[in-house]
Amino acid sequence: MVVVVVRRRTAMASMKTATLVLLLWVLQHAVCRDVTLPTGPLFRVAGFPLSLPCDVSGYEGPRTQDFEWFLYRDDSAGRQMGVVSTRDKGFPYAPFTARVRSGEVRVERDSGDKVRLIIQRLRAEDQGKWECYTPSTDSKYQGNYSTTVTVKVISDTLQISYSRSLTGQPVPEGASLTLTCSASIQSEQLTHLSITFGKRGAGEGSAGGAGGEVSTVREIISIDKLLGVIPGRFYKKRYNDGEITLEKRNGEGGLDTYVMRISAVQPDDTGAYFCEALQWIRDPDRSWQKIAQRTLDIGNLTVQQLAESLRISSSPKGEVTLQVGSPLILTCEVLGLPSDVNSGLLVQWMKRGSVSSDVAGSGGVEVEVARMSPSGVVSWGDDLSRANGGSMEKVGEGRYSLKLFSARPADSGVYRCVVSVYAGRRNPSPSTPATLTQRSEGVTVNLKTKDVLVSAVAQLPRGPLLKRGSTVTLICNVSVTTTGPAQAQVHWFRWPIPEPLPKKLSDGAALGPPAVQKPTLIASLMYNGVSNIYANKSEISVDRLSPVSYRLRVHTATVGDQGVYACHAEVWSQDPHGGWYNTGAKAESNAVTVYLYARPEDLLLIPLVVGVSTALFVGIVIIATVTCCFMKRLARQRGQK
């Protein structure tokens, strides 16, 4: 048994040793040097840069590896030509010595084991097979130490031109801009073309200035290699709004035309414009590579801001005084708009102040009287009645008038014309912001009003005591002194009856003043005889008994109709055209207290209810007493037995 166990252990040890040796052999042969280049052939254009990435992996030794580049020209019968090395400055052969020394041919290192061969200007004689070689730093020579890729140099056939350049003359804000660029390629290989319109900052050239400043370049819009239109990062919103477009038009002989249009230029559009054409090819690894590029300067654009020329004026100037009923005519003129720019205008007439102010236009909220949209639609502000008593018209190019056929005292105030300009946008959408908004100087309008004196007296006619359910009648006598036709407009108000207040609080502190409660508008009799009833809990009517006497009646009055009543009178007068207007003269009457007493039948009901309740209570007490005594006597008789 002992011999068998020993043999088994020896066999297992031998198997472990063999497995370890096999694993070491696999690792030794699996981890080996590998040099890679892009898959060829690669087609590149003469005169433009060539970039060949080369990397090495699976090596031993330092992290920073050396690289050497060789060229096997197509016409050299396979002879090797040293181009450039990372470890030997004397490595280049004679045809490349000057190019390497000038930096036209160089090696740029991305990392310790990744580099790029850069040829700044590719030549026709650079066509051939390029080899990337890495000198060994391994303990054993294993793997591949070099690899090659074929580079084909094709002729430069990329052409670009423009039909009209920018002259540098100032262009008004809102004007349209159209730039045209033509481009073509004639290549036996399948290549694609992309076009980009761009702009450099104002006054900046295509290269850095004398002070080393770098120009600010912005791409406006492009047609990419797959014919997709792509707006620049700063122009996406304008492209989505349709302000910037790019169109491709097929031309003769493969010369296609690309037209960029900006419908309304802005001050930020000032700068130097260019057109850039790129030639693309798809490599065998399916990646797109730029192989040729040309940029054409179109010229400088200077945008003249609208704020420098726009001016808004209103007439008449200063102050206007009118009789009530006279027509009010105001004119707004827009000056300084470029004649060659098709702009939309939003014209508004605003007014601040009214007859209620001590001075016309002093304080108050500015309100809109009327407006005309860019499409010519007129709308009126809060006072919709003016739509029938006035008009707003475009009387000429840049001239707009506001007419009130019969001015009223409420029309007094300071008027201003406010103009919002949508430069280059004839019919802007409601969400489009205005390019510029300016206001005219104010025109103060004063109305000469007639002297009006008014007074109001409220009274409760003498009669029987007012009881619940009866009709309450209140009279308001209004006296108006003025010239010409006039009518009073009477409003009836009610306050709650104030409750009596204790002289002092429990702690002896004095009470503050009572809170003032707002009145309730009960009913109105308008100047034209129309009655408006606002309290709907009771049956109410208003009428005019005589030219100076107005009556309020509350039918079948209830407890809720009790209170303090008063009437307010407003005087309306008639203008020469027959229209009625509020003169602003007002008067408030004295207060009349209305208290409703209980009816006799209500008073008789109280003792009746009290008597019935008392009788029921006495009856219940008697029944309870008799029942209690009877039960006690019955209990004693049972106890004696």
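Before reading further, recall that the structure is shown in the block above.
In this text, all values refer to a predicted model and were calculated from it rather than measured experimentally.

Visitor: For the pattern of salt bridges, give the residues involved together with the corresponding values.
Guide: Side-chain pairs of opposite charge can arise whenever the charged atoms involved come near each other. Applying the stated criterion to the full structure yields 22 salt bridges. The salt bridge involving Glu68 is made with Arg87; its shortest N-O contact spans 3.0 Å. In this pair, Glu68 is assigned in strand E4 (residues 68-73) and Arg87 in the loop between strand E5 (81-85) and helix H2 (94-102), connecting sequence segments 19 residues apart. Among the residues examined, Arg87 registers a relative accessible area of 52% and is labelled exposed. One network of salt bridges, in which partners are shared, links Arg99, Glu104, Arg123, Glu125 and Asp126.

Visitor: Got a sec to walk through the state of the cysteines? Specific residues and values, please.
Guide: Taken as a whole, this structure holds four disulfides when the rule is applied. In this model Cys54 forms its disulfide with Cys132; the gap between the sulfur atoms is 2.1 Å. Between Cys54 and Cys132, the disulfide has an S-S torsion of -90° and is therefore left-handed. With a gap of 78 residues between them, Cys54 in strand E3 (residues 50-57) and Cys132 in strand E8 (residues 128-133) connect regions that are remote in the sequence. Each sulfur of the disulfide joining Cys332 and Cys417 lies 2.0 Å from the other. Across the S-S bond linking Cys332 and Cys417, the dihedral sits near -75°, which makes this disulfide left-handed. Here the residue Cys332 occupies a position in strand E22 (residues 328-335), and Cys417 occupies one in strand E28 (residues 413-422), the gap between them amounting to 85 residues. Across this residue pair, the class does not change: Cys332 and Cys417 are buried. In the protein, the cysteines engaged in disulfides, taken in order along the sequence, are linked 1-2, 3-4, 5-6, 7-8.

Visitor: Could you give an account of the sheet that holds strand E36 (residues 539-546), with specific residues and numbers?
Guide: With respect to topology, four strands assemble into an open sheet ordered E31-E32-E37-E36, the strand pairing being antiparallel. Where the open sheet ends on each side, the last strands, each with one partner, are strand E31 (453-459) and E36. Neighbour to neighbour, the strand axes of the sheet diverge by 20° on average, direction disregarded. Bridge count between E36 and strand E37 (residues 549-555): seven bridges; the pairing is antiparallel. Within the sheet, the bridge partner assigned to Ile540 lies in E37 and is Val554.

Basis of the calculations
Residues numbered from 1 in each chain as written. Predicted model: local features only at pLDDT ≥ 70, side-chain atom pairs only at ≥ 80, totals over all residues. Heavy atoms only, no water. Salt bridge = Lys/Arg side-chain N within 4 Å of Asp/Glu carboxyl O. Helix = DSSP H or I, 4+ residues; strand = E, 2+ residues; numbered from the N terminus. Buried < 20%, exposed > 50% of the residue type's maximum accessible area, 1.4 Å probe, protein only. Disulfide = S-S within 2.5 Å. Pairing = 2+ DSSP bridges. Axes fitted to C-alpha atoms, helices over the stretch in contact; angles between N-to-C directions.

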